[in-house]
Structure formats: structure tokens, C-alpha cells
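Single-letter residue listing:
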Amino acid sequence: MGSSAPGCQSGRQNRAMVQIRRIVCPTDFSPTARHACDYAAELARSFGAELVLLHVIPELNYPTRSFGMAVAFPHLREELHQRSRDELAAEAKRFDPSLKVVTEVRDGISHEQVLDCAKAHQADLIVMGTHGHTGLAHMVLGSTAERVVRMADCPVMTVRSKS
């Protein structure tokens, strides 16, 4: 009897052979996310997979016009994109040069963009950091990782912060 999980094939002894070709790793450039990126890069290297590093820029829903900020910072979004691309490029340079790394910057709600990115790239795995908030902090802050775990079409590996 074969495995029905995506990316898995049944072996002779009924063992599933997981094929990971593409890993999506979202990052907010925090130490926790960097730790998760290290895991993702090592997994990608081990499987010969492509690594997609993703950064999501949240929507700017502040009333910038009423504060005159639209005039003061007319290219804010472009600046955020450029800085994000620069940070992603620096992150990618930390890894083995033989590792295929693709970087992507998206705008929107974090968990939705992570899920959309994984679907668009046909990811076999999402690796992401989690701060491990519990109780009130979790209720107030929510959890991008939790939402991704619940809603993803592919497996999700969460990596706790080192602290």
C-alpha cells in the first residue's frame, strides 16, 4: 500500500521516501528567523532542494495622509522593498554557494503570503521560526506560524528560538 502524502513514494518495505525539491523559509530577519533559515538551508543542502527565502512587508494601514507622511516619505514602500531585497541577499550569501537560493519579497498579511508563496513555488516543505509565545502574549500577538501550520497544503517545520 503506497503513501498518499504529496512528495512521498512507497518503497519496497512500505517505507515512505520523502522527496523534498523546494523549501520555503519566511524570515522577518530576527534571530529566531535566522535560526530557522539555518535549518532550512541545511535541509535544502541535504536533499538537493531549492531554498526560497521570503520576506513579507505588512500593509501600511496608517493614516499617513493626515499626518503629512505621504508627502514626507513618497517612496517608503519602494525603500522597504529595496532594504528587504538587500537583507535577503545578505542572508543567502551566508549559505553554501552550491545551494540554489531564490529570494522573494511580498506585501500583505504574513501567513497568507507564506501560504501563497508555498503554493506558487509548489513547495514540499515550509520551515519557519516561532517565538513560542504562550498565554496572553499569544492571544494578543497571534501566531503566524500557527496559522501556517493549520492552513498549509504541505508539511511545516517550526523552529523555536534558541533562547
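Up top you'll find the structure we're talking about.
Let us look at the structure shown here. (Residues numbered from 1 in each chain as written. Predicted model: local features only at pLDDT ≥ 70, side-chain atom pairs only at ≥ 80, totals over all residues. Heavy atoms only, no water.)

A closer look at the environment of I57
1) Next: Of note, I57 is situated in strand β4 (residues 50-57).
2) Next: Residues I57 and V105 lie 48 residues apart in sequence; the distance between their C-alpha atoms is 7.3 Å.
3) Next: Once residues within four sequence positions are removed from consideration, I57 is found in contact with R77, L80, H81, S84, V105, R106, D107 and G108. (Helix = DSSP H or I, 4+ residues; strand = E, 2+ residues; numbered from the N terminus. Contact = heavy atoms within 4.5 Å.)

Notes on the packing of helix α4 (residues 110-120) against helix α6 (residues 144-151)
1) Next: The geometry of α4 relative to α6 is characterised by a closest axis approach of 9 Å and an angle of 40° between their N-to-C directions. As the angle between them shows, α4 and α6 are arranged oblique. Crossing of α4 over α6 shows right-handed handedness. Here S110, H111, V114 and L115 of α4 come into contact with α6, specifically with T144, R147, V148 and M151.
2) Next: Here the contact of α4 with α6 is composed, by residue class, of four nonpolar, three polar and one charged. (Axes fitted to C-alpha atoms, helices over the stretch in contact; angles between N-to-C directions. Parallel < 35°, antiparallel > 145°, perpendicular 65-115°, else oblique. Left-handed = near helix turned anticlockwise from the far one by under 90°. Nonpolar A, V, L, I, M, F, W, Y, C, P; charged D, E, K, R; others polar.)

Comments concerning the pattern of salt bridges
1) Next: According to the stated counting rule, one finds eleven salt bridges in the structure shown.
2) Next: In this structure, E146 engages R150 in a salt bridge whose closest nitrogen and oxygen atoms are separated by 3.7 Å. Taken as a pair, E146 and R150 lie in helix α6 at a separation of four residues, close to a single helical turn.
3) Next: With a relative accessible area of 35%, E146 lands in the partly exposed category.
4) Next: Of the residues examined, R150 reaches a relative accessible area of 57% and is grouped as exposed. (Salt bridge = Lys/Arg side-chain N within 4 Å of Asp/Glu carboxyl O. Buried < 20%, exposed > 50% of the residue type's maximum accessible area, 1.4 Å probe, protein only.)

Thoughts on the side chain of E91
1) Next: If you trace the backbone, E91 turns up in helix α3 (residues 76-93).
2) Next: Excluding residues within four positions of it along the chain, E91 makes contact with R34, C37 and L53.

Side note on unusual backbone geometry
1) Next: The phi dihedral of F29 is positive, around 70°, even though this residue is not glycine.
2) Next: Inspection of the secondary structure assignment puts F29 in the loop between β3 (22-26) and α1 (31-47).
3) Next: On the basis of relative accessible area, F29 is assigned to the partly exposed category, the value being 27%.
4) Next: In this structure, Q122 is a non-glycine residue whose phi angle is positive, near 50°.
5) Next: Tracing the sequence through the fold places Q122 in the loop between α4 and β6 (125-130).
6) Next: Look at Q122 and you get exposed, because its relative accessible area is 61%.

Side note on the nonpolar core
1) Next: Counting 20 residues, the largest nonpolar core has I23, L51, L53, F95 and V127 as the members making the most contacts within it.
2) Next: Counting residues per element, the ones that place at least two in this core are β3, α1, β4, α3 and β6.
3) Next: With five residues, α1 is the single largest residue contributor to this core.
4) Next: Formed by 15 residues, the second largest nonpolar core is a distinct cluster that contains V24, A123, M128 and C154. (Core = buried A, V, L, I, M, F, W, Y, C linked by side-chain atoms within 4.5 Å.)

Some points on α1
1) Next: The terminal C-alpha atoms of α1, which comprises 17 residues, lie 24 Å apart, in line with the 24 Å expected from a rise of 1.5 Å per residue.
2) Next: The set of residues buried in α1 consists of T32, A33, H35, A36, C37, A40, A41 and A44.
3) Next: On its buried face, α1 sits against β3, β4, α3, β6 and β7 (156-160).
4) Next: Phi for G48, located one or two positions after α1, is positive at around 70°. (Expected span 1.5 Å × (residues − 1).)

A word on the environment of T130
1) Next: Topologically, T130 is positioned in strand β6.
2) Next: The spacing of T130 and T158 is 28 residues in sequence and 6.2 Å in space, taken between C-alpha atoms.
3) Next: If sequence neighbours within four positions are ignored, T130 has contacts with T32, A145, T158, V159, R160 and S161.

Distances and angles like these do not, on their own, reveal function.
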